[in-house]
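# A look at the structure
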Amino acid sequence: MKKRFIIAILLIVLASAGYFFYLNKSQDTQQELTLYGNVDIRQISLAFENSGRIQSMNVEEGDRVQKGQVLAQLNTDALQIQEKQAQAQLMIQKQAILQQERGARPEEIVQAQAQVSATQAQLQKANQDLKRFSELSRTTAGQAISQQELDAAKNAQVAAEAQVKESQANLQLLIQGARQEVRAATKAQYQATQASLQLIQYQISQSKLISPSNAIVRAKLQESGDMTTAQKAVYTLALTNPKWVRVYLNEKELSAIKLGEKALVSQDTNPNQPITGQVGYISSVAEFTPKTVQTNDIRTTLVYEMRIYFQDPSDQLKMGQPVTVILKRFK
């Protein structure tokens, strides 16, 4: 009797353990959430900042490009000529500024002083001639010299005085140098030319179409020799890092998901080699179920967008490819 009692107890314990195992297994199954979505397509359209003729196209559709790689080049012959002109003009204005800052050379001042002495000598001679002619005209009652000659002597004396004043003014200008206003104007012209040169150099630098990130060339929209503008795209690039899958959750599923939670992303053709990712974005605004989403609920049910971010260095999953996402709350 005692033996039967022990066996019965053992059977009850085994049955209870099996029941609890079954419950735990069911709970684990309930924690697994399967969603369906697509690898999101993110792309950028690249165009030149300036208009011009395309000189070279360096990559083709399907090529992988790296950040900073030159994809295309505009013809810059005209800009390079303008750059040389601006550089020459800048050099002229720079020399003018240096000349104004240093002032006149000693030799120029000596030359100006000699010019003052020469005009003073001419003035002295003119004064003597006028004095002599005036004395002759007075003592001879105008008989020894005509009035015309006397007037010519007066005019020569006036001209000599003017020349002396002019040469003295030139000497003072050389000694004092250029006025502050003139120096400021020369510097302003230099800065304006410098800005023009920088603009030309910037335009030359923008003649290269550079990839902003690692990507794949999806479309080549123009060819070498084409005339292009800032409104015409030259290449379309697909961004590959990071990749993400866009899926949608209903309100019940939303309450069980948290940011940073791990997820497995697999493709239908190779479901046994999933890629590990994590929940990186959950929309805070509900929307009607998109037509591309397939769910068991009615199509008017409100859903929330969620993105699963993952790294795919071997490029297993392609842009736009349908995938399956599995989230497990407990392992």
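Residues numbered from 1 in each chain as written. Predicted model: local features only at pLDDT ≥ 70, side-chain atom pairs only at ≥ 80, totals over all residues. Heavy atoms only, no water.

## Structural notes on the packing of aromatic side chains
Each aromatic ring pair is described using two quantities: the centre-to-centre distance and the angle formed by the ring planes. The condition that has to hold: Pairing of aromatic side chains here covers Phe, Tyr and the six-membered ring of Trp, requires ring centres within 6.5 Å, and sorts the geometry by plane angle: under 30 degrees stacked, over 60 edge-to-face, intermediate tilted. Helix numbering and strand numbering both begin at the N terminus, where a helix is a DSSP run of H or I of at least 4 residues and a strand a DSSP run of E of at least 2. Only protein chains enter the accessibility calculation, which uses a 1.4 Å probe; a residue whose area is less than 20% of its type maximum is buried, one above 50% is exposed, and one in between is partly exposed. Here, a charge over a ring means that NZ of Lys or CZ of Arg falls within 6 Å of the ring centre while also lying within 35 degrees of the ring normal.
Tallied over the entire structure, the rule returns one aromatic pair. Between Trp-244 and Tyr-309 the ring centres are 5.2 Å apart and the planes differ by 65°, which places this aromatic pair in the edge-to-face class. Of this pair, Trp-244 sits in strand β10 (residues 243–249) while Tyr-309 sits in strand β14 (residues 302–310), and the two are 65 residues apart along the sequence. For Trp-244, a relative accessible area of 11% corresponds to the buried category. What makes Tyr-309 partly exposed here is its relative accessible area of 24%. The ring of Tyr-281 has Arg-307 lying over it, and the distance from NZ or CZ to the ring centre is 4.6 Å.

## Regarding the sheet that holds strand β4 (residues 64–65)
Sheets are built from strands paired through backbone hydrogen bonds, the pairs being either parallel or antiparallel. Note the following rule: We treat two strands as partners when DSSP finds at least two bridges between them.
Taking strand neighbours across the sheet as the criterion, the four strands line up as β2-β9-β7-β4 in an open arrangement whose pairing is antiparallel. Since the sheet does not close on itself, it has two edges, and those belong to β2 (43–46) and β4, each with one partner. Across two bridges, β4 lies against strand β7 (residues 215–220) in antiparallel orientation. Residue pairing for β7: Arg-64 is matched across the bridge by Ile-216.

## Examining the environment of Ile-145
Going by this rule: Two residues form a contact once any of their heavy atoms are found within 4.5 Å.
Relative to the helices and strands, Ile-145 resides in the loop between α3 (106–139) and α4 (147–176). Of the residues examined, Ile-145 reaches a relative accessible area of 5% and is grouped as buried. Excluding residues that lie within four positions of it along the chain, Ile-145 makes contacts with Phe-133, Leu-136, Ser-137 and Leu-150.

## Here's the deal with the sheet that holds strand β5 (residues 70–74)
Strand order across the open sheet formed by four strands is β6-β5-β3-β8, with antiparallel pairing between neighbours. Strands at the two margins of the open sheet, each flanked by one partner only, are β6 (208–210) and β8 (227–228). Note: β5 against β6, three bridges, orientation antiparallel. Within β6, the residue paired with Ala-72 across the bridge is Leu-209.

## Focus: the pattern of salt bridges
Definition in use: When a carboxyl oxygen of Asp or Glu lies within 4 Å of a side-chain nitrogen of Lys or Arg, that pair is called a salt bridge.
Taken as a whole and assessed by the stated rule, the structure comprises six salt bridges. The shortest N-O distance in the salt bridge between Glu-60 and Lys-220 comes to 3.0 Å. Of the two residues, Glu-60 is situated in the loop between β3 (52–57) and β4 and Lys-220 in strand β7; the sequence distance between them amounts to 160 residues. Between Asp-312 and Lys-243 there is a salt bridge whose closest N-O contact spans 3.1 Å. With a gap of 69 residues between them, Asp-312 in the loop between β14 and β15 (322–328) and Lys-243 in strand β10 connect regions that are remote in the sequence. On the accessibility criterion, Asp-312 (9% relative accessible area) is buried. Of the residues examined, Lys-243 reaches a relative accessible area of 4% and is grouped as buried. Through salt bridges with shared partners, a single ionic network connects Asp-40, Arg-246, Glu-305 and Arg-307.

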